[in-house]
Amino acid sequence: MTSNTIATNETAVLIVAAGRGHRAGGGIPKQYRKLAGMSVLRHTIGRFQAWGAKGGIRCVIHPDDIDLYTDAVAGIEHLLDPVYGGATRQESVLNGLRSFQEAAPDRILIHDAARPFVAPDVISAVDAAIDARTGAIAACPLVDTLKRDAGDGCVGATLSRDGLWAAQTPQGFSFETILQAHEKALADGIAVTDDAAIAEGAGIPVRLVESGRDNVKLTTEADFSEAERRMSPDLFPEVRTGHGYDVHAFEPGNGLILGGIDIPYDRRLKGHSDADVALHTITDALYGALADGDIGHHFPPTDPQWKGAASDVFLRHAGDLVRARQGRITAIDLTIICEAPKIGPHRDRMRKRIAEILDIGLERISVKATTTERLGFTGRSEGIAATATATIMLPPPAAAPNGENVHDR
Ligand code: MG
């Protein structure tokens, strides 16, 4: 759905997508190339929608790309109709600015379609730095030492990088001010490569708003490979499984804690903590999936602070370790092995409690029970055993520049 409504007193967004850059486009302009299954342009529009963009978002496109554009934005709501660009970026921006003339938003942010990583807080910071007389641009302080080529392939001079910034987008201005400056530049035949330069030429101060190097303009094939990796955390996750096994004996007492809940029984489980054999087993399965020791390693039984401890502390710790690695738990499959008590009547409460402790969906938790046909220690009702399998997903290992997996070195 498109809409032509623009809220005034707001900031409008102009996304410049008219470039012909085929170099890294795989045969089509690079802003339409797909990253993680979605066009670069669509990712970029999404960033501004996530920010808010109350003044409307409009793209400037090349007339030849209308089909690519229509495909790229299919289903995006509240996007203003596109306008066609001109022969240069500068002309394209001017066409885009003119298209907002009637709506006359207070401020406008101009952004390159090929920068799909712009963070909402950078957009906010640029927007906040604009006033009626001052523009603002996202920019990044240079970190590399600069060398000037002497012309013979050798270094002619080393330049100071003090005070040098690399200009990025968004670049934001009072709408009226930048429109007038652009019109004047056109009339005066001035050609520049970004809108800040137009503003500077018109005597408009432009604030530098620090942005990260990750707000990259996708230009080369290497930029696209890196962008694909950054955009696709879920395409090739690292799936891991871990296994847990634990046993606790019965001792005289009244009632068990099993699977995080109280279960009436004429004995209790013996252990240093609350002896919840089910939670211990799941905890160990999660540590196993992370290849990060076991419950005794993280919570030594020699440490008096864990005496009588509720075992949800252990389980939550294991879940937090998964989260700390930007991972998630996709499945827990627990089997409780005993003759008695009967597990079936308590199964749903256990699943609910385990889901609560791990803060994951109930549909990811399985609790099963079996007996050993009166064989062995569980068959003689001397205690309860439990096994569990945990499945987790971790982000894919970072790829080294040559494609080699850094984990494999
Ligand atoms: Mg145990």
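This text goes with the structure placed above it.
Residues numbered from 1 in each chain as written. Predicted model: local features only at pLDDT ≥ 70, side-chain atom pairs only at ≥ 80, totals over all residues. Heavy atoms only, no water.

Caption draft 1: Highlighting the packing of helix α1 (residues 40–51) against helix α2 (residues 66–73). Running from N to C, α1 and α2 cross one another at 50 degrees; their axes reach a closest spacing of 9 Å. Put simply, α1 runs oblique to α2. Read as a crossing pair, α1 and α2 show a hand that is right-handed. On the side of α1, the interface is formed by Leu41, Arg42 and Ile45, while α2 contributes Tyr69, Ala72 and Val73. Of the residues that constitute the contact of α1 with α2, the class distribution is five nonpolar, no polar and one charged. (Axes fitted to C-alpha atoms, helices over the stretch in contact; angles between N-to-C directions. Helix = DSSP H or I, 4+ residues; strand = E, 2+ residues; numbered from the N terminus. Parallel < 35°, antiparallel > 145°, perpendicular 65-115°, else oblique. Left-handed = near helix turned anticlockwise from the far one by under 90°. Contact = heavy atoms within 4.5 Å. Nonpolar A, V, L, I, M, F, W, Y, C, P; charged D, E, K, R; others polar.)

Caption draft 2: Region of the structure containing the pattern of salt bridges. A complete count under the given rule lists 23 salt bridges for this structure. With a shortest N-O distance of 3.0 Å, aspartate 195 and arginine 89 are connected by a salt bridge. On the criterion of sequence distance, the pair formed by aspartate 195 in helix α6 (residues 195–201) and arginine 89 in helix α3 (residues 89–99) is long-range, its members being 106 residues apart. Here aspartate 195 falls in the buried class, since its relative accessible area comes to 1%. Across the pair glutamate 356 and arginine 353 runs a salt bridge, and its minimum N-O distance is 2.7 Å. Pair noted here: glutamate 356 and arginine 353 are both in helix α11 (residues 347–358), with a separation of three residues, about one helical turn. (Salt bridge = Lys/Arg side-chain N within 4 Å of Asp/Glu carboxyl O. Buried < 20%, exposed > 50% of the residue type's maximum accessible area, 1.4 Å probe, protein only.)

Caption draft 3: Quick peek at α2. Within α2 the residues assigned to the buried category are Tyr69, Ala72 and Val73. Down the axis of α2, the sector holding all buried residues measures 80 degrees, keeping them to one side. In α2, the exposed positions angled more than 90 degrees off the buried face are occupied by Asp67 and Asp71. Contact partners of the buried residues in α2: β3 (38–39), α1 and β4 (57–61). Downstream of α2 by one or two residues, glycine 75 has phi in the positive range, about 85 degrees. (Arc of directions from axis to C-beta.)

Caption draft 4: Representation of the coordination of the magnesium ion. Within the protein, Asp246 (OD), His248 (NE2) and His280 (ND1) serve as the donor atoms for the magnesium ion, at 2.1 to 2.3 Å. Mapped onto the sequence, the residues coordinating the magnesium ion show the spacing D-x1-H-x31-H. Here the residue histidine 248 occupies a position in strand β12 (residues 238–252), and histidine 280 occupies one in helix α8 (residues 277–290), the gap between them amounting to 32 residues. Since its relative accessible area comes to 12%, histidine 248 is described here as buried. (Donors = N, O, S within 2.8 Å, 3.2 Å for Na, K, Ca; no water.)

Caption draft 5: Spotlight on the nonpolar core. Counting 45 residues, the largest nonpolar core has Leu258, Leu286, Leu334, Ile336, Ile354 and Ile384 as its most contacted members. Elements with a minimum of two residues in this core: β13 (256–258), β14 (261–263), α8, α10 (312–324), β16 (328–337), α11, β17 (365–370) and β18 (383–394). Setting aside residues no more than four positions away along its own chain, leucine 258 makes contact with Ile263, Leu269, Asp276, Val277, Ala278, Ile336, Ile343, Met350 and Ile384. Formed by 28 residues, the second largest nonpolar core is a distinct cluster that contains Ala17, Ala72, Ala113 and Val118. (Core = buried A, V, L, I, M, F, W, Y, C linked by side-chain atoms within 4.5 Å.)

Caption draft 6: Fine view of the packing of aromatic side chains. A full pass over the atoms with the stated rule returns four aromatic pairs. For the ring pair phenylalanine 250 and tyrosine 265, a centre distance of 5.3 Å and an interplane angle of 40 degrees mean the geometry is tilted. With a gap of 15 residues between them, phenylalanine 250 in strand β12 and tyrosine 265 in the loop between β14 and β15 (267–269) connect regions that are remote in the sequence. According to the relative accessible area criterion, phenylalanine 250 is buried, its value standing at 10%. Owing to a relative accessible area of 16%, tyrosine 265 belongs among the buried residues under this scheme. One aromatic cluster in this structure is built from Phe299, Trp306 and Phe314. A cation sits over an aromatic face here: arginine 58 above phenylalanine 100, 4.9 Å from the ring centre. (Phe/Tyr/Trp six-rings, centres within 6.5 Å; stacked < 30°, edge-to-face > 60°. Lys NZ or Arg CZ within 6 Å of the ring centre and 35° of its normal.)

Caption draft 7: Geometry of the side chain of histidine 346. Along the chain, histidine 346 turns up in the loop between β16 and α11. Since its relative accessible area comes to 14%, histidine 346 is described here as buried. When residues no more than four places from it in sequence are discounted, the contact partners of histidine 346 are Ile261, Ile263 and Pro264.

Caption draft 8: Representation of the sheet that holds strand β6 (residues 107–112) in the model. Pairing is mixed across the open sheet formed by seven strands, whose spatial order is β5-β4-β1-β6-β10-β7-β11. The open sheet is flanked by β5 (83–84) and β11 (206–210), the only strands paired with a single partner. The pairing of β6 with strand β10 (residues 165–174) spans four bridges and is antiparallel. Paired with isoleucine 108 across the two strands is phenylalanine 173, which belongs to β10. Of the strands in this sheet, β1 (11–17), β6, β7 (135–141), β10 and β11 touch helix α4 (residues 120–129), which is tilted by about 135 degrees from β7. (Pairing = 2+ DSSP bridges.)

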